[in-house]
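The primary structure of each chain is shown beneath.
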Amino acid sequence: FSAIGEEREIDREEFTPGLEPQPTWCPGCGDFGVLKALKQAMPEVGRTPDETLLCTGIGCSGKLNSYFESYGFHTIHGRSLPVARAAKLANPGLEVVAAGGDGDGYGIGGNHFMHTARENHDMTYIVFNNEIFGLTKGQTSPTSPKGHKSKTQPHGSAKDPIRPLSLSLTSGASFIARTAAVNPNQAKDILIEAMEHDGFAHVDFLTQCPTWNKDARQYVPYIDINDSEDYDFDPTNRAEAQEMMRTTEDKLYEGEVLTGVYYRDEERPSYGQEKRQIGEMPETPLAERYFDEDYEWE
Ligand code: SF4
């Protein structure tokens, strides 16, 4: 159980592990951009490493735990979300971040993604979306474009890619954004907003994989929909957000990269808040009760 709430100046270098392992990501990998943005965001959110839990799945993205100083749990494939949910419910004061790739989160762990969004668990979920399975050497993933050739689909994928932003909205996420590793300033700001949001914050993070997805876009140039004069919509309006997501998902596969905050619902209570309201969960978190010798268990 961490000592939450201590106020002091936080330096981003506190999130660099003491042993400073050199990342084994390939040169030019978008994963470096996620790590950088996350380290830059943490001091502005006001969280220290011992107030933060990072749960990862399997994949190149899962190495994030090795390069980011915090509590960590490297789970099995597609299972970062159930672990993160349990930790947040047991210790609501923790800043909980879950991370994984598009294959991990939208494929193997797709069921957990859908239900964690539906239940609006209070956490940030970063999906490294490079439209491919990277660590296992370039197989087609749920976000690979139709027609994409790989070892598993040598004649080109016959499948339409899933639409992660739309799926997230339909499932019930209360904060939804897309950013890109090539845009570190926007990525940092979006991660800050996601972590400060009370509820399930889903960030689809476009990360280029130059090793196995050589034909893929580098996600440049990108357009920030919240700043662009070409796109005028209200992210607190569900119907307008839905339309904006549909446009974005179509345009990505046509070569135009739209990013920004798509949806924000500040009214909806998180799962933990709901459970406390109905009296199903004691006000004192499990993590505190566990270490309180005087606590009387029922
Ligand atoms: Fe990054 Fe792709 Fe290399 Fe994995 S295989 S580290 S995703 S560039």
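Our subject is the structure that appears above.
All of the points below concern the structure found in this document. (Residues numbered from 1 in each chain as written. Predicted model: local features only at pLDDT ≥ 70, side-chain atom pairs only at ≥ 80, totals over all residues. Heavy atoms only, no water.)

1. Re the overall build of the protein
Broken down by element type, the protein carries ten helices and eight strands. Over its C-alpha trace the protein gives a radius of gyration of 19 Å, about what one expects of a compact globule, namely 19 Å for 298 residues. Along the first, second and third principal axes, the C-alpha set of the protein runs to 65 × 45 × 35 Å. Within the protein, buried positions represent 53% of all 298 residues. (Helix = DSSP H or I, 4+ residues; strand = E, 2+ residues; numbered from the N terminus. Rg over C-alpha atoms; globule rule 2.2 N^0.38 Å. Buried < 20%, exposed > 50% of the residue type's maximum accessible area, 1.4 Å probe, protein only.)

2. Considering the packing of aromatic side chains
A full pass over the atoms with the stated rule returns nine aromatic pairs. Taking the centre distance of 5.2 Å and the plane angle of 85 degrees together, the rings of Y290 and F291 count as edge-to-face. Across this residue pair, the class does not change: Y290 and F291 are exposed. Taken together, the ring pairs connect Y106, F113, Y125 and F200 into an aromatic cluster. (Phe/Tyr/Trp six-rings, centres within 6.5 Å; stacked < 30°, edge-to-face > 60°.)

3. Observations concerning helix α5 (residues 110–119)
Buried within α5 are the following residues: G110, F113, T116, A117 and E119. Check the buried side of α5 and you find it contacts α3 (80–90), α4 (102–108), β4 (123–129), α6 (164–171), β6 (200–206) and α9 (271–277). Taken from the residues just after α5, N120 is the one with a positive phi, measuring 55 degrees. (Contact = heavy atoms within 4.5 Å.)

4. Details of helix α8 (residues 238–252)
The first and last C-alpha atoms of α8 sit 21 Å apart over 15 residues, in line with the 21 Å expected at 1.5 Å per residue. Where α8 is concerned, the buried positions are A241, M244, M245, T248, E249 and L252. With its buried residues spanning 130 degrees around the axis, α8 presents them on a single face. Residues of α8 that are buried in the fold lie against α6, β5 (175–180), β6 and β8 (257–264). Measuring from the backbone nitrogen of A239 back to the side-chain oxygen at the start of α8 gives 3.0 Å, which picks out N237 as the cap. (Expected span 1.5 Å × (residues − 1). Arc of directions from axis to C-beta. Polar contact = N/O pair within 3.5 Å; in protein donor to acceptor, adjacent residues only side chain to side chain.)

5. Quick notes on the site of the ligand
Taken together, W25, C26, C29, C60, N130, G134, C209, P210, T211 and W212 make up the full set of residues adjacent to the ligand. Across the shell around the ligand, the residue classes break down as seven nonpolar, three polar and no charged. (Near = heavy atom within 4 Å. Nonpolar A, V, L, I, M, F, W, Y, C, P; charged D, E, K, R; others polar.)

6. What to know about the sheet that holds β6
Pairing between the strands of a sheet comes from backbone hydrogen bonds, and it takes one of two forms, parallel or antiparallel. Read across the open sheet, the eight strands follow the order β2-β1-β3-β4-β6-β5-β8-β7; overall the sheet is mixed. With partners counted over all chains shown, the strands left at the sheet margins are β2 (71–74) and β7 (222–224), one partner each. Ignoring strand direction, the axes of neighbouring strands in this sheet form an average angle of 20 degrees. Note that strand β1 (residues 52–56) and strand β3 (residues 95–101) share five bridges and pair parallel. Residue pairing for β3: T52 is matched across the bridge by E95. (Pairing = 2+ DSSP bridges. Axes fitted to C-alpha atoms, helices over the stretch in contact; angles between N-to-C directions.)

7. Observations concerning the packing of α3 against α5
In contact at an axis separation of 9 Å, α3 and α5 are set at 30 degrees when each is read in the N-to-C sense. Taken as axis vectors, α3 and α5 run roughly parallel relative to one another. As for how α3 packs across α5, the hand of that crossing is left-handed. Touching L81, P82 and R85 of α3 are H112, F113, H115, T116 and E119, all from α5. Its residues placed into classes, the contact of α3 with α5 shows three nonpolar, three polar and two charged. (Parallel < 35°, antiparallel > 145°, perpendicular 65-115°, else oblique. Left-handed = near helix turned anticlockwise from the far one by under 90°.)

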